[in-house]
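So the chains spell out like this:
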Amino acid sequence: MIIDNHPFKVNELGHLEVGGIDTTYLASNYGTPLYVYDVELIRKNCRSFVQTFNNLNINAKVAYASKAFSSIAMLQVIKQENLCLDVVSEGELYTAIQADFPTEKIHMHGNNKSEEELTMAIENNIGCIVIDNFNEIHLLESLLEKHEKQMDVLLRVTPGIESKTHQYIMTGNEDSKFGFNLNNGQAEKAFCLLHEHSRIQFKGLHCHIGSQIFETDRFLIAVELLFQELNTWKEKHGYTPEVLNLGGGFGIRYTEKDNPIPYEFYIEELVKAVRNHSHKMGIPMPEIWLEPGRAIVGNAGITLYTIGSQKHIPGTRDYISINGGMTDNLRPALYQAKYEGVIANKASHPPVRDVSVAGKCCESGDMLIWDLPVPEVNNGDVLAVFSTGAYGYSMANHYNRLPKAAVVFVENGTEKLVVRRESYMDVTKNDLHYV
């Protein structure tokens, strides 16, 4: 039995099963809250991108956007799948180095890269830096001169497109903290600083229009606007790009209202558009780069919780409370993200009522799911929340001094603890006494 379009099964005991492992066993053995990842599904998602480019015989790079979920074990899987890697901080780069990830396959993003971050990137010979602002150009120039090195770069541009997503995850619109604006001349001014630079090797353009996008039309408009700019640069400066990075943002299913299209379709449409525009410009087709993050890990992860107290408000609402919440999944409180879930130890039981799932933090906004259909629920039951693989652990925090949850990988009937559960000692280890 498959659970409502989510890629997990119900076993003969009526329990939710992930990667061949009973989730009630995982909850009992490792405790809750617990992040669980189906590694086989992660690999499948990786290969769906790579194989589509291979089938189309297109030069391409697929880079996992590690901000979605970064850990040593996760990056080791990405390395096994031969993907490149995006990092946006010194901490993410450090994690990649600890995972022995090939540094030449690492790309660094960030709208406010520090001198320390750029120095770390240069000293570790990463493959590419995506330049985001004028200050960064000047800082990178001086650091490359100091280290007597060169660096491949892309120029991040904002095409002025408002994607159909939440405003907090919209990044390609005119009013954005990211990148150089195409419409006000900033992008061309930056191009002139980088073109034919002695130490900065300008490879092409980068564009990311947002996240959790279910249509291709905005991506295709972005490609058109990029080529309009590139055509101007070709006519004025004789420039042709080696790389066109079209970012990520491919939507996944969180609830029944989400209708994601196959990743293969995004790629086919983008390749067709880049090929057509390149032909019109009379230039070789640039190498296409993509940066999926959520699309790689989002639907491969679930979070397990133990149900505690319940509250019945006659004529209004029934609540169940879990032993986690906005400390392990900030997205509902941050931008009203929606989720689906199931009582893992009663996954085959028909629902009899709706409940709203409350977190344990001292915030009224700590609500994980509103109006979830469930069977009769008892104290100690295990709640599984689907599609928490992206931005759950990444955004985890210590609000109310709660320790961060553990992470377990499952694959083909075996499980492995890959991130230990924090202790209260871990939470207080950096505290110092005042008296």
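Parameters and conventions
Residues numbered from 1 in each chain as written. Predicted model: local features only at pLDDT ≥ 70, side-chain atom pairs only at ≥ 80, totals over all residues. Heavy atoms only, no water. Helix = DSSP H or I, 4+ residues; strand = E, 2+ residues; numbered from the N terminus. Expected span 1.5 Å × (residues − 1). Contact = heavy atoms within 4.5 Å. UniProt positions renumbered as here; feature names shortened; annotations may be inferred. Buried < 20%, exposed > 50% of the residue type's maximum accessible area, 1.4 Å probe, protein only. Salt bridge = Lys/Arg side-chain N within 4 Å of Asp/Glu carboxyl O. Right-handed = clockwise from strand over helix to strand, strands pointing away. Pairing = 2+ DSSP bridges.

1. Side note on helix α9 (residues 263–281)
Within an α-helix, residues lying three or four positions from one another point in the same direction, as the helix has 3.6 residues per turn.
Here is step 1: The terminal C-alpha atoms of α9 lie 27 Å apart, and with 19 residues this matches the ideal 27 Å at 1.5 Å per residue to within 8%.
Here is step 2: The elements touched by buried residues of α9 are α2 (39–55), α8 (217–237), β13 (243–245), β14 (287–290) and α10 (294–297).
Here is step 3: A positive backbone phi angle near 75 degrees is found at Gly282, which sits one or two residues after α9.

2. Digging into the UniProt feature "active site" (unreviewed entry) in the protein chain
Here is step 1: UniProt annotation of "active site" (unreviewed entry) refers to Cys362 when read in the numbering used here.
Here is step 2: Cys362 sits in the exposed class, given a relative accessible area of 63%.
Here is step 3: With near-sequence residues (within four places) excluded, Cys362 lies in contact with Tyr399 and Asn400.

3. Brief notes about the pattern of salt bridges
Here is step 1: Inspection of every chain in the model, using the stated rule, returns 16 salt bridges.
Here is step 2: The salt bridge partner of Lys272 is Glu269, with a shortest N-O separation of 3.6 Å. Note that Lys272 and Glu269 are positioned in helix α9 at a spacing of three residues, about one turn of the helix.
Here is step 3: Relative accessible area serves as the criterion here: at 45%, Lys272 is assigned to the partly exposed category.

4. Focus on the environment of Thr216
Here is step 1: Along the chain, Thr216 turns up in the loop between β12 (200–206) and α8.
Here is step 2: Thr216 gets classed as buried once you look at its relative accessible area, which sits at 14%.
Here is step 3: The spatial distance from the C-alpha of Thr216 to the C-alpha of Phe265 is 8.5 Å, given a sequence separation of 49 residues.
Here is step 4: Setting aside anything within four residues of it in sequence, one finds Thr216 in contact with Ile261, Phe265, Tyr266 and Glu269.

5. Observations concerning the pairing of strand β9 (residues 128–131)
Here is step 1: Burial of β9 is two-sided: the residues Cys128 and Val130 facing one way and the residues Ile129 and Ile131 facing the other way are all buried.
Here is step 2: This β-α-β element, strand β8 (residues 106–108) to helix α5 (residues 115–123) to β9, shows right-handed connectivity.
Here is step 3: Note that β9 and strand β10 (residues 151–158) share three bridges and pair parallel. Paired with Ile131 across the two strands is Leu155, which belongs to β10.

6. A look at unusual backbone geometry
Leaving glycine aside, a negative phi is the common case for residues, and trans is the common case for peptide bonds.
Here is step 1: Omega for the bond connecting Thr32 with Pro33 falls within 30 degrees of zero, at -5 degrees, which places this linkage in the cis form.
Here is step 2: Considering the arrangement of structural elements, one finds Pro33 in the loop between α1 (23–30) and β5 (34–38).
Here is step 3: Despite not being glycine, Asn57 shows a phi value in the positive range, around 55 degrees.
Here is step 4: Position of Asn57 among the secondary structure elements: in the loop between α2 and β6 (60–65).
Here is step 5: Its relative accessible area of 71% is what places Asn57 among the exposed residues.

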